[in-house]
Amino acid sequence: MNKQILINGIRMQMLPERALYVPEQQLLVIADWHLGKLQHFRSEGLFTPAMEIYSELSRLEVLIDKLQAQRVIFLGDLFHSRWNSDWDVFKEFANQLAAKGLLLTLTKGNHDILEEKHFSNLSMEICDQFTLGETIIFSHQPIKDAPDSWFQVVGHVHPGCRVDLGARQTLNLPCFFLERQRLTLPAFGIYTGLMRIARCAEHRLFPIVHDSVLELR
């Protein structure tokens, strides 16, 4: 079950798939996928489970088809670090989506350190930020000293929150984090960890529980 919010007159949906959707624009937004992360760790001699890149790509393709999205914005940290073969698989996948008419945009993040040559022949717009209308800005990290009229949609911190279940049991769950004029998306990547956001009067937290997005009260 999605959670609807209205931002500067534009309706948006927080999805349990760890993504944001803007129906009027057929715009899908995901943050912090960190593709290639486990393969990167394995190359450094660290034991990690083998991640099947095709199953990760399928997660996005299923979501695009379900929503009939026309554009996807990646809010940075699309790929985790230096090149490995997962990038080439993603690149072929992205070009296939673009060939079907899907528009792809990457607002670069701190982990997007691939050399320029790896972006050649990739059907994707690369930029620092993407603007919707005049007041909604999408970027990897918050833009410092932004005008008060701007609403920022960002990623970067992989927000999570603790949900108390009683009997001394708790769960740490990925969440959407709304604070004043900023919405931070949960990491789309599965193996990204969480930064727990404190509950307070100024924070609205929307944890993802199974197939629903809920709001903590």
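Refer to the structure above for everything that follows.
As the structure is a prediction and not an experimental result, all values here were calculated from the model.

Notes on the sheet that holds strand E7 (residues 125–127)
Argument step 1. Strand order in the open sheet formed by seven strands is E1-E2-E3-E4-E5-E6-E7, and the pairing between neighbours is mixed. Strands at the two margins of the open sheet, each flanked by one partner only, are strand E1 (3–7) and E7. Sheet twist, expressed as the average angle between the axes of neighbouring strands with direction ignored, equals 25 degrees.
Argument step 2. Pairing of strand E4 (residues 27–30) with strand E5 (residues 71–74), which is carried by four bridges, proceeds in the parallel orientation. Looking at E5, one finds that Val29 is bridged to Ile73.
Argument step 3. Strands in contact with helix H2 (residues 53–67) are strand E2 (10–15), strand E3 (19–22), E4 and E5; relative to E4, the strand with the most contacts, it is inclined by about 155 degrees.

Regarding the nonpolar core
Generally speaking, a soluble globular protein has its nonpolar side chains buried in company with each other.
Argument step 1. Formed by 32 residues in total, the largest nonpolar core has its most connected members in Leu28, Trp33, Leu60, Phe74, Leu78 and Phe90.
Argument step 2. For this core, the elements supplying multiple residues, two or more each, are E3, E4, H2, E5, helix H3 (85–99) and strand E6 (103–107).
Argument step 3. Dropping the residues within four chain positions of it, Leu60 is found in contact with Leu28, Ile30, Trp33, Phe74, Phe93 and Phe188.
Argument step 4. Grouped together as the second largest cluster of nonpolar side chains are 25 residues, Ile5, Leu20, Phe176 and Val213 included.

Observations concerning H2
Argument step 1. With 15 residues, H2 should reach 21 Å at 1.5 Å per residue; the first-to-last C-alpha distance of 22 Å fits that figure.
Argument step 2. Every buried residue belonging to H2 is among Ile53, Glu56, Leu57, Leu60, Leu63, Ile64 and Leu67, and all of these are buried. For H2, the arc enclosing every buried residue in end-on projection is 120 degrees, short of the 170-degree limit, so these residues lie on one face. Looking at H2, the residues exposed on the side facing more than 90 degrees away from the buried face are Tyr54, Val62 and Lys66.
Argument step 3. On its buried face, H2 is in contact with E2, E3, E4, E5 and H3.
Argument step 4. Taken from the residues just after H2, Gln68 is the one with a positive phi, measuring 55 degrees.

What counts, and where the lines are drawn
- Residues numbered from 1 in each chain as written.
- Predicted model: local features only at pLDDT ≥ 70, side-chain atom pairs only at ≥ 80, totals over all residues.
- Heavy atoms only, no water.
- Pairing = 2+ DSSP bridges.
- Helix = DSSP H or I, 4+ residues; strand = E, 2+ residues; numbered from the N terminus.
- Axes fitted to C-alpha atoms, helices over the stretch in contact; angles between N-to-C directions.
- Contact = heavy atoms within 4.5 Å.
- Core = buried A, V, L, I, M, F, W, Y, C linked by side-chain atoms within 4.5 Å.
- Buried < 20%, exposed > 50% of the residue type's maximum accessible area, 1.4 Å probe, protein only.
- Expected span 1.5 Å × (residues − 1).
- Arc of directions from axis to C-beta.

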